Amino acid sequence: MSSVKEVSLESAYSGVADNYRGGDVDLHAIYRDMRRNSPIIAENFMGKLGVPNIAGLDANRPTFTVFKYKETMAVLRDAANYTSGFIAEGLGSFFDGLILTGMDGEAHKKARALLQPIFMPEVVNRWRDSKMDPILRKEFLAELVPKKKADLMEFGLYFPIRLIYALIGFPGSEPEKIKQYAAWALAILAGPQVDAEKAALARKAAMEAAKSLYDATHEAVVEVRRNGANSDDLISRLIRAESDGRSFDDHEVTTFVRSLLPAAAETTTRTFGTLMTLLLERPALLERVRQDRSLIPKAIDEAIRFEPVATFKVRQAAQDLELAGMAIPKGAMVQCIVSSANRDEEAFENSEEFDIDRKPKPSFGFGFGPHMCIGQFIAKTELQVAVNAILDLMPNLRLDPDMPAPIITGAQLRGPKHVHVLWG
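Quick caveat, the model's predicted, so the values are computed rather than measured.

The rules we used
- Residues numbered from 1 in each chain as written.
- Predicted model: local features only at pLDDT ≥ 70, side-chain atom pairs only at ≥ 80, totals over all residues.
- Heavy atoms only, no water.
- Helix = DSSP H or I, 4+ residues; strand = E, 2+ residues; numbered from the N terminus.
- Buried < 20%, exposed > 50% of the residue type's maximum accessible area, 1.4 Å probe, protein only.
- Contact = heavy atoms within 4.5 Å.
- Areas by Shrake-Rupley, 256 points an atom, 1.4 Å probe, with all protein chains shown as cover.
- Pairing = 2+ DSSP bridges.
- Arc of directions from axis to C-beta.
- Phe/Tyr/Trp six-rings, centres within 6.5 Å; stacked < 30°, edge-to-face > 60°.
- Lys NZ or Arg CZ within 6 Å of the ring centre and 35° of its normal.
- Core = buried A, V, L, I, M, F, W, Y, C linked by side-chain atoms within 4.5 Å.
- Lys, Arg positive; Asp, Glu negative; His and termini not counted.
- Salt bridge = Lys/Arg side-chain N within 4 Å of Asp/Glu carboxyl O.
- Polar contact = N/O pair within 3.5 Å; in protein donor to acceptor, adjacent residues only side chain to side chain.
- Expected span 1.5 Å × (residues − 1).

**Focus: the overall build of the chain**
Item 1. Counting its secondary structure elements, the chain contains 16 helices and 14 strands.
Item 2. Relative to its full complement of 424 residues, the chain shows a buried share of 56%.
Item 3. Considering only contacts within the chain whose residues lie at least 6 apart along the sequence, 74% involve residues at least 24 apart.
Item 4. As displayed, the chain offers around 18100 Å² of accessible surface, 53% of which is attributable to carbon and sulfur atoms.

Quick look at the structure:
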């Protein structure tokens, strides 16, 4: 195990949120104005808000920002003209360049095909009742329920980590170790920085965290292989998999698994906080969902549309292109503001309303097209299990009037820091 200093999960989680918070402005009001008056601009919009660039150290490439649904859809679905390889130079540099979001073409297709089986509904649904639900209720809620009050984010930070790491193949008997691994994974996300002085320190810390996470993952891979690699978990499946007629060695499996970990839990945590905030702010709706649990998936999808955690996606023009009447030169970055596209009045009726009864339509909270989040079905299943358990075990759930109300903040990695509630 690497000797790098331990990182607390709580400080890593809030540190990442602060790193991507951006300026203290009313983003949705700005997005409304941009959709109306400047649907595409030749500027790095997020950079001006102080949000770090994950594209690599050369942040001076021409950048275009789009705010509307139609253009966002066009960019995200066209992976041939709008590529993602640049991410391998930036965030991907902490993973030896191997990161699914930073792959293009055949390499991306092959890697995704290898990983896809573990994320399929039939596998996840088997886990849902046999592992996810019991873990959630016994390990997290049994102790919490008698207290009659809590900050739901304290619970929300831990349960996705516990569930996804079990699904990947880490031993569930060592929860403190898993928390440390998750903290290292989050520390890597803080690698890209705006401030040049902070950038060198953050990069060093991120590299140390990446090394520690590699060592921990490698240990798990060796153990799974030693035990026969015959389970349903991701590590076992990768050990058994073959590509181009050969199987993967421990280093390759370790590198693949490690590259998935930074996004493996914290997106679910933030989505959970946002979903619970939006429901708790609307007590009549919360009661309706309590009475009819078939509404939970709709509430999750609407929360992901209304307040996505990953608020923008970036691609690079593979050749000279035209988008919304603007010439985009080869090599330029195209920044799609998902939070704005998801509220485009031309795509969604009453787009600024949180409405779980709206007609289903694709939104971009988990991306779109070939790079759509591979783990979204797991994330949504974890959220369904969590909300169902909370509604079963916490009657009369409501915001705590003696504590500050939750606020959904952040230019990127958006969500509330605290959700204080009472029940019973």
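That shown, we press on.
**Some words on the pairing of strand S10 (residues 333-337)**
Item 1. Most of S10 is tucked away: five of the five residues are buried.
Item 2. Bridge analysis of strand S2 (residues 63-66) against S10 gives four bridges, and the strand direction is parallel. Residue pairing for S10: Thr65 is matched across the bridge by Gln335.
Item 3. Relative to S10, strand S7 (residues 312-317) runs antiparallel, the two sharing five bridges. Paired with Val314 across the strands is Gln335, a residue of S10.

**Brief notes about the environment of Phe159**
Item 1. Structurally, Phe159 is set in helix H7 (residues 152-168).
Item 2. The residues contacting Phe159, other than those within four sequence positions of it, are Leu136, Phe140, Phe272, Glu382 and Ala386.

**Let's talk about helix H13 (residues 283-291)**
Item 1. All of the buried residues in H13 are Leu285, Leu286, Val289 and Arg290. For H13, the arc enclosing every buried residue in end-on projection is 145°, short of the 170-degree limit, so these residues lie on one face. Away from the buried face of H13 by more than 90 degrees, exposed residues Ala284 and Gln291 are located.
Item 2. Taken together, the buried residues of H13 touch helix H12 (266-280), helix H14 (296-306) and helix H16 (376-393).

**Description of the environment of Ala187**
Item 1. Tracing the backbone through its elements, the reader meets Ala187 in helix H8 (residues 175-189).
Item 2. In this structure Ala187 comes out as buried when scored by relative accessible area, which is 17%.
Item 3. Sequence separation of Ala187 and Ser11 is 176 residues, and the distance between their C-alpha atoms is 9.3 Å.

**Observations concerning the packing of aromatic side chains**
Item 1. Counted under the stated rule, the structure contains 15 aromatic pairs.
Item 2. Geometrically, the ring pair formed by Tyr31 and Phe45 is tilted, given 5.9 Å between the ring centres and 50° between the ring planes. Taken together, the residues Tyr31 in helix H2 (residues 27-37) and Phe45 in helix H3 (residues 45-48) connect sequence positions 14 residues apart.
Item 3. Owing to a relative accessible area of 1%, Tyr31 belongs among the buried residues under this scheme.
Item 4. What makes Phe45 buried here is its relative accessible area of 9%.
Item 5. Grouping aromatic residues by their ring pairs yields a cluster made of Tyr69, Phe348, Phe364 and Phe368.
Item 6. The positively charged end of Lys361 is found above the aromatic ring belonging to Tyr69, 5.1 Å away from the centroid.

**Looking at the nonpolar core**
Item 1. Membership of the largest hydrophobic core comes to 95 residues, with the highest contact counts inside it found for Phe155, Tyr165, Phe170, Ile235 and Phe272.
Item 2. Ranked by the residues each element gives to this core, the list is headed by H7, at 13 residues.
Item 3. Residues within four places of Phe272 in sequence aside, it is in contact with Leu152, Phe155, Gly156, Phe159, Leu383, Ala386 and Ile390.
Item 4. Core analysis: the second largest hydrophobic core is formed by 15 residues, Tyr31, Phe45, Met46 and Phe312 among them.

**Things to note about the side chain of Asp151**
Item 1. Relative to the helices and strands, Asp151 is located in strand S4 (residues 149-151).
Item 2. For the buried Asp151, which has no salt bridge, the nearest side chain bearing the opposite charge is Lys417, at an N-O separation of 11 Å.
Item 3. Here His418 takes part through its side chain, which lies 2.8 Å from a polar atom of the side chain of Asp151.
Item 4. Sequence-distant contacts of Asp151, that is, excluding residues within four places in its chain, are made with Lys417, His418, Val419 and His420.

**What to know about H12**
Item 1. Taking 1.5 Å of rise per residue, 15 residues should cover 21 Å, and H12 covers 21 Å from first to last C-alpha, within 8% of that figure.
Item 2. Within H12, 14 of the 15 residues are buried, which leaves it mostly tucked inside the rest of the structure.

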